[in-house]
Amino acid sequence: MDEYNNNQNVNSSGSSPNGEYHYAPPRQTPPQQNPQNVYGQQQNQQYYRPTNNKSTGTYYTPPMYQQPVNPMPKPPKKPKNKSLKVVIVVAIVVVVVSIFGMAAAIGGNIDSNSKDNSSQSSQESTDKGDAVISDKGNDVATEDENGNLTVAGVVKKSIDSCVLISVYSNQTAYDYFYSFGSGQDSNSSEPVLSGEGSGVIMSESNGTTYIMTAAHVIADASEFKVTTNDGKTYDAKMVGYDSQTDIGVLSISATGLKVAEFADSSSIVVGEQVVVIGCPGGSKFMNSVTTGIVSALDRPVSSSIGYNNECIQTDAAINPGNSGGALFNMKGQVIGINSSKIASTDYEGMGFSVPSNTAVKTANSLKKNGYVEGRAKLGIKYNNITNASNASAILAALEQEGYKDAQGAMIIGEIDEDSDLKNKDVREYDMIVAVNGKTMTSTDVLTNVLSKSSPGDTITLTIARIENNRIKTFDVKCKLIESKG
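Residues numbered from 1 in each chain as written. Predicted model: local features only at pLDDT ≥ 70, side-chain atom pairs only at ≥ 80, totals over all residues. Heavy atoms only, no water.

1. So, the overall build of the chain
From N to C terminus, the chain includes eight helices and 20 strands. Of the contacts formed within the chain by residues at least 6 apart in sequence, a portion of 61% connects residues at least 24 apart. As presented, the chain carries roughly 29,400 Å² of accessible surface, and 48% of it is formed by carbon and sulfur atoms. (Helix = DSSP H or I, 4+ residues; strand = E, 2+ residues; numbered from the N terminus. Contact = heavy atoms within 4.5 Å. Areas by Shrake-Rupley, 256 points an atom, 1.4 Å probe, with all protein chains shown as cover.)

So this is what it looks like as structure tokens:
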């Protein structure tokens, strides 16, 4: 069957030359939609054919062209494949569950603190693989769960009480050039920085603030400066120092500074944690912090004049420049003033501090009187027997007299005018070989007796004198006088 063609010749009865009849639809343009939507399914688009009597056949106009075309009815929906949809939904659920499972597994390996992270630091990079700085966990605890201070808490409470002490001394040209110079008078030269140490603010009174430090830090200096933790520097004055306890005091014209709190050092126990704040190396490392424990108590440590101080031993790092600084307990209280350390390749972690009870008593007396009141002395200047050129011969002779190992014997050099020995049969170059009947095996024998005595007490000295190349000994009673520094 030929297709419909507008140019084909058709007679008035609708027959074609070959005798076939064609249905010629009216020339109107259907709505521009998908042909399947306009004409329906394919079987409804076939041409109309008449009955066997072709001459009487008439055209049949489909109902869709009898009236103006209205919006075409939607074709019937295809039946949904419910089985396929169920499969797809199940697959999606499986994928989602798998993703959440992987995320949970990865999250389990992250520190539990990260659960609280709700935001990232503003410094975090958006690029994958970059390091991230968290804004969480930056707060350092200053107390533990029992309310005790941590090391950070001790520092926060106490560091403003800790100061740097700079000492200045007069120098000569020889000092600068190692004996090559003009020999300038030391009194006319400008003081130069000769050392640095540490200190702690001990009290304030009438517009003056007092600084406790070590005696050996300030003993040989002429000028002083104190630098507080906020960087301010003050001119300081000497109040006094005591070489026996190695405690000294300076003063500055200032108020409102942080005064340290002192603890009763008799309550210290071995093993308790301690914190040291000081200036190892001076200003370069001002107010450095170290920590350790109390290693021992009442350790005998000789001072610069031979007295044994009973000190606190600690393994907290103490270095040159820490002298005079504070040793704190975990309440932020001063329990000692750092004095010395054993520096040797054979020792490590052995520092010594003057107990706070001794330090406070000494410093308060220096502040009040300029010296330590109530302290007894003989009133002499002396040299140790071991410094004598014939020391071995003298010691051998003393041993024959019954004074074995008298290496602590003192050779009297000068007697003070107020000394009781001035009125006794004692002279220059006589030797003190025993005190209260105990041989001077070291100078500590005498100094320990003096430290336990008071002015006005009487002690017995055994004196050895060399006459005609022979040694004779005799006892002398001596009334002690007060030491005023």
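2. Quick word on the environment of Gly-207
Structurally, the position occupied by Gly-207 is in the loop between strand S2 (192-205) and strand S3 (208-213). A C-alpha to C-alpha distance of 6.3 Å links Gly-207 and Ser-253, two positions 46 residues apart in sequence. In this structure Gly-207 touches Ile-252, Ser-253, Ala-254 and Thr-255, once residues within four positions along its chain are discounted.

3. Structural notes on the nonpolar core
Formed by 24 residues in total, the largest nonpolar core has its most connected members in Met-212 and Phe-328. Put simply, the parts of the chain that give this core at least two residues each are helix H3 (151-158), S2, S3, strand S6 (247-252), strand S7 (273-278), strand S10 (326-328), strand S11 (334-341) and helix H6 (356-369). Ranked by the residues each element gives to this core, the list is headed by H6, at three residues. Excluding residues within four positions of it along the chain, Met-212 makes contact with Gly-199, Val-200, Met-202, Ile-247, Gly-248, Phe-262, Gly-324, Ile-337, Ala-359, Val-360 and Ala-363. (Core = buried A, V, L, I, M, F, W, Y, C linked by side-chain atoms within 4.5 Å. Buried < 20%, exposed > 50% of the residue type's maximum accessible area, 1.4 Å probe, protein only.)

4. Focus: the confidence of the model for the chain
Per-residue confidence for the chain gives a mean pLDDT of 78; residues scoring 70 or more make up 66%. This stretch, residues 1-48, has a pLDDT under 50; its non-local contacts, to residues over four places away or in other chains, come to 62 contacts. Confidence over residues 110-124 falls short of pLDDT 50; this stretch has eleven contacts with residues more than four positions distant or in other chains. (pLDDT = per-residue confidence, 0-100.)

5. Regarding the packing of aromatic side chains
Here the structure, examined in full by the defined rule, presents zero aromatic pairs. One Lys or Arg, Lys-367, reaches over the ring of Tyr-210 and ends 5.0 Å from the middle of that ring. (Phe/Tyr/Trp six-rings, centres within 6.5 Å; stacked < 30°, edge-to-face > 60°. Lys NZ or Arg CZ within 6 Å of the ring centre and 35° of its normal.)

6. Some details on the pairing of S2
Two strands pair when backbone bridges link them, and strand S1 (residues 162-169) and S2 are joined in this way by eight bridges, in the antiparallel orientation. Within the sheet, the bridge partner assigned to Ile-165 lies in S2 and is Gly-197. As defined by bridge partners, S2 adjoins S3 across five bridges and the pair is classed as antiparallel. Bridging from a neighbouring strand, Ser-205 pairs with Thr-208 of S3. (Pairing = 2+ DSSP bridges.)

7. Details of the pattern of salt bridges
Applying the stated criterion across every chain, the model contains eleven salt bridges. Residues Lys-422 and Glu-417 are paired through a salt bridge, measuring 3.5 Å at the closest nitrogen-oxygen approach. In this structure, the salt-bridge partner of Arg-427 is Asp-425, at a minimum N-O distance of 3.9 Å. According to the relative accessible area criterion, Arg-427 is partly exposed, its value standing at 42%. Here the residues in one salt-bridge network are Asp-425, Arg-427, Asp-430, Arg-465, Glu-467 and Lys-472, joined through shared partners. (Salt bridge = Lys/Arg side-chain N within 4 Å of Asp/Glu carboxyl O.)

8. So, unusual backbone geometry
A positive phi angle is found at Asn-436, which is not glycine, with a value near 50 degrees. Judged by its relative accessible area of 46%, Asn-436 is partly exposed. Look at Asn-469: it is not a glycine, yet its phi comes out positive at around 60 degrees.

9. Notes on helix H7 (residues 391-400)
Since one α-helical turn is 3.6 residues long, residues separated by three or four positions face the same way. Every buried residue of H7 is accounted for by Ala-391, Ile-394 and Leu-398. Looking down the long axis of H7, one finds its buried residues gathered within 65 degrees of arc, a one-sided arrangement. Residues Ser-392, Ala-393 and Gln-400 are exposed on H7 and point more than 90 degrees away from its buried face. Those residues of H7 hidden inside the fold are in contact with strand S16 (431-435), strand S18 (458-467) and strand S19 (470-479). At the C-terminal side of H7, Gly-402 shows a positive phi close to 100 degrees. (Arc of directions from axis to C-beta.)

10. Thoughts on the side chain of Thr-460
Its location among the elements puts Thr-460 in strand S18. Reaching out from Thr-460, the side chain makes a polar contact with the side chain of Lys-477 at a distance of 2.8 Å. Among residues more than four places away in sequence, those in contact with Thr-460 are Ala-434, Val-435, Asn-436, Asp-475, Val-476 and Lys-477. (Polar contact = N/O pair within 3.5 Å; in protein donor to acceptor, adjacent residues only side chain to side chain.)

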